[in-house]
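# Working through the structure, step by step
One letter stands for each residue in the lines below.
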Amino acid sequence: MLQLESVTGGYGETTVLRDVSLTVPEGSVVALLGANGAGKTTIMRVASGELRPRAGWVVMDDRDISSTPPFRRWKLGVCHIPEGRAVFPGLTVRENLVTFAKGRADEALARATEAFPVLGQRMAQRAGTLSGGEQQMLALARAYVTEPRVVLLDEVSMGLAPKIVDDIFAFIALLARTGASLLLVEQYVARALELADHVYVLSRGRITFSGPPAELDEENVLAGYLGGVSA
């Protein structure tokens, strides 16, 4: 469904990704592991259209979308949940959800509160006044109401309390069951591997391992996390 083919890219004169190829097949969960600074977020930005590759291609359904802007990729079904709290703080919870709803608003709100019941109690509250965990729930609920085909999840459990992390991973499993394809960057490696059908390890901007989680041994993981950083 979504592919990066021989992608090289970075920021200014700094090269972060070097000849990276990865595939997120339809209906699968793909985990992307690696040290801080290895280039994982850069891969997400290239996939979502926030960053154009210097070389290589981004392909969706056999169509080259390398130069397609983020809002058009969103219309194609690509949903990017970046690291941090990706909400409109000045809008209410209801307004945040309705803004991203592609279908009827009442159906979108029902889906959001099904995934995170606490949001049903916060509909009239401004998103910026929610707790950090609730803001992340709201950001993730957006991925549910848009009924996406591909979801890019970048460190969505970062800085959250253990109970909220449990809720977040339960939601990711729910999202996978809807048939959406997921590309998952996650600090909780073991939990990410429990969900993953395939895993890539990134080190210094290069893919150093690609295969099913069962084939990933401790040496592969350590190589990804101790092999140095790129940018």
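Basis of the calculations
Residues numbered from 1 in each chain as written. Predicted model: local features only at pLDDT ≥ 70, side-chain atom pairs only at ≥ 80, totals over all residues. Heavy atoms only, no water. Core = buried A, V, L, I, M, F, W, Y, C linked by side-chain atoms within 4.5 Å. Buried < 20%, exposed > 50% of the residue type's maximum accessible area, 1.4 Å probe, protein only. Helix = DSSP H or I, 4+ residues; strand = E, 2+ residues; numbered from the N terminus. Contact = heavy atoms within 4.5 Å. Salt bridge = Lys/Arg side-chain N within 4 Å of Asp/Glu carboxyl O. Axes fitted to C-alpha atoms, helices over the stretch in contact; angles between N-to-C directions. Parallel < 35°, antiparallel > 145°, perpendicular 65-115°, else oblique. Nonpolar A, V, L, I, M, F, W, Y, C, P; charged D, E, K, R; others polar. Arc of directions from axis to C-beta. Pairing = 2+ DSSP bridges.

### Some remarks on the nonpolar core
Judged by nonpolar contacts, the single largest core of 48 residues is most densely connected at Ile 81, Leu 97 and Leu 153. Element by element, the count of residues in this core is highest for helix H5 (residues 132-145), at 8 residues. With residues up to four places along the chain from it excluded, the contact list for Leu 97 reads Leu 109, Ala 112, Met 123, Leu 138, Ala 141, Arg 142 and Val 145. Leu 4, Val 7, Val 20 and Met 60 belong to the second largest nonpolar core, which has 27 residues in total.

### A look at the pattern of salt bridges
Under the counting rule described, the total for this entry stands at 5 salt bridges. Taking the shortest distance from any N to any O, the salt bridge between Asp 167 and Lys 163 comes out at 2.9 Å. Placement of both Asp 167 and Lys 163 in helix H6 (residues 162-177) is noted, with a separation of 4 residues, approximately one turn of the helix.

### Observations regarding the packing of H5 against H6
Two elements in contact, H5 and H6, have axes whose closest approach is 11 Å; the angle formed by their N-to-C orientations is 0 degrees. Our classification of the angle between H5 and H6 gives roughly parallel. Here Gly 133, Gln 136, Met 137, Leu 140, Ala 143 and Tyr 144 of H5 lie close against H6, whose contacting residues are Ile 164, Asp 167, Ile 168, Phe 171, Leu 174 and Leu 175. A class-by-class count of the residues in the contact of H5 with H6 yields 9 nonpolar, 2 polar and 1 charged.

### Some points on helix H3 (residues 93-100)
Turning to H3, its buried residues number three or more, namely Val 93, Asn 96, Leu 97 and Phe 100. In an axial view of H3, the angular spread of the buried residues amounts to 90 degrees, which keeps them on one side of the axis. Contacts made by the buried residues of H3 are with helix H2 (70-76), helix H4 (105-115) and H5.

### Re the sheet that holds strand E1 (residues 2-11)
Strand order in the open sheet formed by 4 strands is E2-E1-E4-E5, and the pairing between neighbours is antiparallel. Each edge of the open sheet carries a strand with a single partner, namely strand E2 (14-24) and strand E5 (63-64). Packed on one face of the sheet, helix H1 (residues 40-48) meets E1, E2 and strand E4 (55-60) and runs near 115 degrees to E1.

### As for the sheet that holds strand E10 (residues 206-211)
The strands making up a sheet associate through hydrogen bonds between their backbones, and the pairing can be parallel or antiparallel. Strand order across the open sheet formed by 6 strands is E6-E7-E8-E3-E9-E10, with mixed pairing between neighbours. Only two strands of the sheet have a single partner each, and these edge strands are strand E6 (78-81) and E10. The average undirected angle you get between the axes of adjacent strands in this sheet is 15 degrees. Looking at chain direction, strand E7 (residues 150-154) and strand E8 (residues 181-185) are connected through 5 bridges and run parallel. For Leu 153, the partnering residue across the bridge sits in E8 and is Leu 184. Contacts from H1 reach strand E3 (29-34), E6, E7, E8 and strand E9 (198-203) within the one sheet, and its direction differs from that of E7 by about 150 degrees. Sheet strands in contact with H5 are E6 and E7, and its direction is about 175 degrees off that of E6.

### Some words on the environment of Leu 202
Topologically, Leu 202 is positioned in strand E9. Sequence separation between Leu 202 and Gly 39 is 163 residues, and the spatial gap between their C-alpha atoms is 7.3 Å.

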